[in-house]
Amino acid sequence: MKILIGSDHAGFELKQKIVSHLKGREGLEVEDFGTDTSEVSCDYTDIALQVGRSVAHGDADRGILVCGTGLGMEIAANKVSGVYAAGCWNKEVAALSRQHNNSNVLTLGARVLDEKTAMEVVDTWLATEFEGGRHIRRTQKICAYERSANRAFNNGQGGQVVIFDHPLVQHKLSIIRDKNTPVKTFRETVAEIASLMVYEITRDLPLKMIDVETPVTRTKAYAIAGKKLAVVPILRAGLGMMEGVLNLIPNAKIGHIGLYRDPQTLAPVEYYCKLPGDIEERDIFLLDPMLATGGSSAAAISLIKKRGGRKISLVCMIGAPEGVSVVHEAHPDVNIFVAALDSHLNEHGYIVPGLGDAGDRIFGTR
Ligand code: RB5
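Description of the structure in this document.

Reading the values: rules and limits
Residues numbered from 1 in each chain as written. Predicted model: local features only at pLDDT ≥ 70, side-chain atom pairs only at ≥ 80, totals over all residues. Heavy atoms only, no water. Helix = DSSP H or I, 4+ residues; strand = E, 2+ residues; numbered from the N terminus. Buried < 20%, exposed > 50% of the residue type's maximum accessible area, 1.4 Å probe, protein only. Areas by Shrake-Rupley, 256 points an atom, 1.4 Å probe, with all protein chains shown as cover. Lys, Arg positive; Asp, Glu negative; His and termini not counted. Charge placed at Lys NZ, Arg CZ, Asp CG, Glu CD. Near = heavy atom within 4 Å. Polar contact = N/O pair within 3.5 Å; in protein donor to acceptor, adjacent residues only side chain to side chain. Nonpolar A, V, L, I, M, F, W, Y, C, P; charged D, E, K, R; others polar. Phe/Tyr/Trp six-rings, centres within 6.5 Å; stacked < 30°, edge-to-face > 60°. Lys NZ or Arg CZ within 6 Å of the ring centre and 35° of its normal. 1 Å grid on protein atoms, 1.4 Å probe; cavity = no way out; pocket = protein on both sides within 12 Å on 5 of 7 lines; lining within 4 Å. Points joined across faces, edges and corners; volume = space filled by probe spheres on them. Pairing = 2+ DSSP bridges. Axes fitted to C-alpha atoms, helices over the stretch in contact; angles between N-to-C directions. Core = buried A, V, L, I, M, F, W, Y, C linked by side-chain atoms within 4.5 Å. Contact = heavy atoms within 4.5 Å.

Broken down by element type, the protein carries 12 helices and 19 strands. Counting only C-alpha atoms, the protein reaches 70 × 65 × 35 Å along its principal axes. Counting only residues that meet the buried cut, the protein has 48% of its 366 residues in that class. Summed over all atoms, the accessible surface of the protein reaches about 18200 Å², with 52% contributed by carbon and sulfur. Within the protein, the 44 negative side-chain charges are centred at a point lying 5 Å from the centre of the 41 positive side-chain charges.

This part takes up the site of the ligand. All residues in the neighbourhood of the ligand are listed as D8, H9, A10, Y44, C67, G68, T69, L71, G72 and R111. Within the backbone of T69, a nitrogen or oxygen atom sits 2.9 Å from an oxygen atom of the ligand. Taking 290 Å² as the accessible area of the ligand by itself, protein coverage stands at 72%. Here the residues of the shell around the ligand sort into 4 nonpolar, 4 polar and 2 charged.

With that settled, the discussion passes to the packing of aromatic side chains. Aromatic ring pairs are reported here in terms of the distance separating the ring centres and the angle at which the planes meet. According to the stated counting rule, one finds 1 aromatic pair in the structure shown. Arranged with centres 6.4 Å apart and planes meeting at 35°, the rings of Y260 and Y271 form a pair that is tilted. Note that Y260 is positioned in strand β12 (residues 256-261) and Y271 in strand β13 (residues 268-274), a separation of 11 residues in sequence. Looking at R62, its charged tip hangs above the ring of W125, at a distance of 4.7 Å from the centre.

Roughly 1400 Å³ of internal volume is contained in the largest pocket. Every element with two or more residues in the lining of the largest pocket is listed here: α2 (44-56), α6 (134-150), β6 (152-154) and α11 (321-330). Counted by class, the lining of the largest pocket contains 17 nonpolar, 17 polar and 9 charged residues. The calculated volume of the second largest pocket comes to roughly 730 Å³. Residue lining of the second largest pocket: 27 residues in total, with R261, D288, M290, S296 and D357 positioned closest to the centre. Secondary structure elements with two or more residues in the lining of the second largest pocket: β10 (229-235), β12, β13, β15 (290-291), α10 (295-306) and α12 (358-363). Class assignment for the residues of the lining of the second largest pocket results in 14 nonpolar, 9 polar and 4 charged.

Look at the link from G34 to T35: it is a cis peptide, with omega at 10°. Inspection of the secondary structure assignment puts T35 in the loop between β2 (29-32) and α2. Look at the link from L235 to R236: it is a cis peptide, with omega at 5°. As for its placement among the helices and strands, R236 is situated in the loop between β10 and α9 (239-248). Despite not being glycine, N102 has its phi angle at roughly 55°, a positive value. Among the secondary structure elements, N102 is positioned in the loop between α4 (91-99) and β5 (105-109).

Now for the sheet that holds strand β4 (residues 85-87). Sheet architecture is open: 5 strands sit in the order β2-β1-β3-β5-β4, paired in parallel fashion. The open sheet has two edge strands with one neighbour each: β2 and β4. Within the sheet, the average angular offset between the axes of one strand and its neighbour, ignoring direction, is 20°. One ladder, built from 3 bridges, connects β4 with β5; its direction is parallel. By the bridge assignment for β5, A85 is matched with V105.

Further remarks concern the nonpolar core. Ranked by size, the top nonpolar core spans 39 residues in total, and within it I176, V231, I249 and V315 carry the most contacts. Those elements that place two or more of their residues in this core are α7 (167-177), α8 (183-201), β10, α9, β14 (283-287), β16 (311-319), β17 (335-341) and α12. Considering every element that reaches this core, the biggest residue donor is α8, with 8 residues. One finds F153, C273, I279 and L303 within the second-largest nonpolar core, a separate group that totals 27 residues.

Further remarks concern the environment of E26. Structurally, E26 is set in the loop between α1 (12-22) and β2. Residue E26 is classed as exposed on the basis of its relative accessible area, which comes to 83%. Linking E26 and M1, residues 25 residues apart in sequence, is a C-alpha distance of 9.4 Å.

Mapped onto the elements of the fold, N335 is located in strand β17. A polar side-chain atom of N335 sits 3.0 Å from the main-chain amide nitrogen of Q160. When residues no more than four places from it in sequence are discounted, the contact partners of N335 are G158, G159, Q160, I312, S313 and L314.

Encoded structure:
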């Protein structure tokens, strides 16, 4: 297990004692995020957010944060999506924070705990597992709130789910959800939603400084730093999103992946895969309007990885929680972008409320 540990000046001495206490323990790797002295005052916030972000991104399994009371660290760390920080003052509370709350960050108050109690709390917290059962329902409600409140949440292992809930997108989604929307409107609206989603999926594109001469003066301005992109629709429904995406990133290279479901095993089987030759150098946007069971998306991601692709984002219009779990279980590093995260799958594997079969509705085949 990898643990990140950090403190402010008030927690420094206790943090050092915890580091020595845990040093050399088998199966435990401890990384110290500072601070490095009790003499210079610093802000607990900075350390809490750094450790919190790293735990949420999956750089480590858990974090321990120490300040004067444990409270500042707890409050700050809990602002990071994916962090469940618990301030514990005895070993019973420490055990319960794991068993019931699945806490992934422990916060301690150096000014309110004696050393012996602090070590007991640390040992108990590290040794105790989440009980699951009825507690899953409760922790999932926290995750669900986090999702709706934050729009983006980390899976704790490097990947994110980003819900692109812009009013224009939501409005257009309602149009394609409507079963009376004709094929032409459906197809055009899918392309429009895909175009709007490009703003979100390209948010991290690197920029470079360039010189520009305006009518008034010379100045420095930004330009896209020439990142290589690839757009890969999963056949056939993904094609409906492709035009909209390419409208905004016309220089992206295009790949195609075709999968069908084996009627016996129900497993996705590849029938076509053609990707740009330099796929390993590209940021890849995999397009699939509906993330339902997640089976074909996860298989398509495996195909891309097998051919060297590394930075993959899955871009869907509507996702089901089941599909998100399947994709992130198989590929925790992948970012998933959806315009809406719906309730669940029905017994036929359709997303509820969803919009029916996106392929049929785009191509008018039913
Ligand atoms: C620092 O004096 C103190 O405010 C801090 O360590 C912590 O107790 C805040 O919650």
